[in-house]
Amino acid sequence: GDFNAVLDSHETIDTIYSASYFDFASFLGAYTLIDLDTRGTFYTRISKGARGLVLSRLDRALCTYGFIDLWSNLSNSTLPCLYSDHYPLFLLGRDSRAPYS
């Protein structure tokens, strides 16, 4: 499937919902997946469109509630955009079952 789907109008500039939006939203609901908030750059893809600059939040860290229960201090951040028109994501967490040192 297409994982480059915009899920809400606030996640893009200059993009219209496509059929992939509905398929992707159904997929998220069917598997009870959570889209982790991203720290750093909100728009994770930059490109040129017919009407100018297009910014979209396409890159996501998706997980289940079970995954969140296994990790404490879970965070999702963007890294600098160096070689692509996408910002890389950095997921950081601590195993909640591991003893603290």
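About the thresholds
Residues numbered from 1 in each chain as written. Predicted model: local features only at pLDDT ≥ 70, side-chain atom pairs only at ≥ 80, totals over all residues. Heavy atoms only, no water. Phe/Tyr/Trp six-rings, centres within 6.5 Å; stacked < 30°, edge-to-face > 60°. Patch = residues over 30% accessible without salt bridge, like charges linked within 9 Å, V, L, I, M, F, W, Y side chains within 5 Å. Areas by Shrake-Rupley, 256 points an atom, 1.4 Å probe, with all protein chains shown as cover. Salt bridge = Lys/Arg side-chain N within 4 Å of Asp/Glu carboxyl O. Helix = DSSP H or I, 4+ residues; strand = E, 2+ residues; numbered from the N terminus. Buried < 20%, exposed > 50% of the residue type's maximum accessible area, 1.4 Å probe, protein only. Contact = heavy atoms within 4.5 Å.

(A) Highlighting the packing of aromatic side chains. Scanning the entire structure with this criterion turns up two aromatic pairs. Here the aromatic rings of F27 and Y31 are separated by 5.3 Å at their centres, their planes lie at 50°, and the arrangement is tilted. Taken together, a centroid distance of 5.9 Å and an interplanar angle of 40° make the contact between F67 and W71 tilted.

(B) Representation of a nonpolar patch on the surface. A surface patch of nonpolar side chains, amounting to about 250 Å² of accessible area, comprises L79, F90 and L92. The residue L79 is located in the loop between β6 (71–78) and β7 (89–95) in this model. On the basis of relative accessibility, which here comes to 34%, the residue L79 falls in the partly exposed class.

(C) Here's a closer look at the environment of D85. Considering the arrangement of structural elements, one finds D85 in the loop between β6 and β7. Residue classification places D85 among the partly exposed positions, given a relative accessible area of 29%. Sequence separation of D85 and I46 is 39 residues, and the distance between their C-alpha atoms is 5.4 Å. Setting aside chain neighbours within four positions, we find D85 in contact with T44, R45, I46 and S47.

(D) View of unusual backbone geometry. At T32, a position not held by glycine, the phi torsion is positive, near 50°. Take T32: it is sitting in the loop between α1 (19–30) and β2 (34–35). Overall, the relative accessible area of 45% leaves T32 in the partly exposed class.

(E) Summary view of the environment of F22. Examined against the element boundaries, F22 turns out to sit in helix α1. You can call F22 exposed: its relative accessible area is 51%. Sequence separation of F22 and L7 is 15 residues, and the distance between their C-alpha atoms is 8.6 Å.

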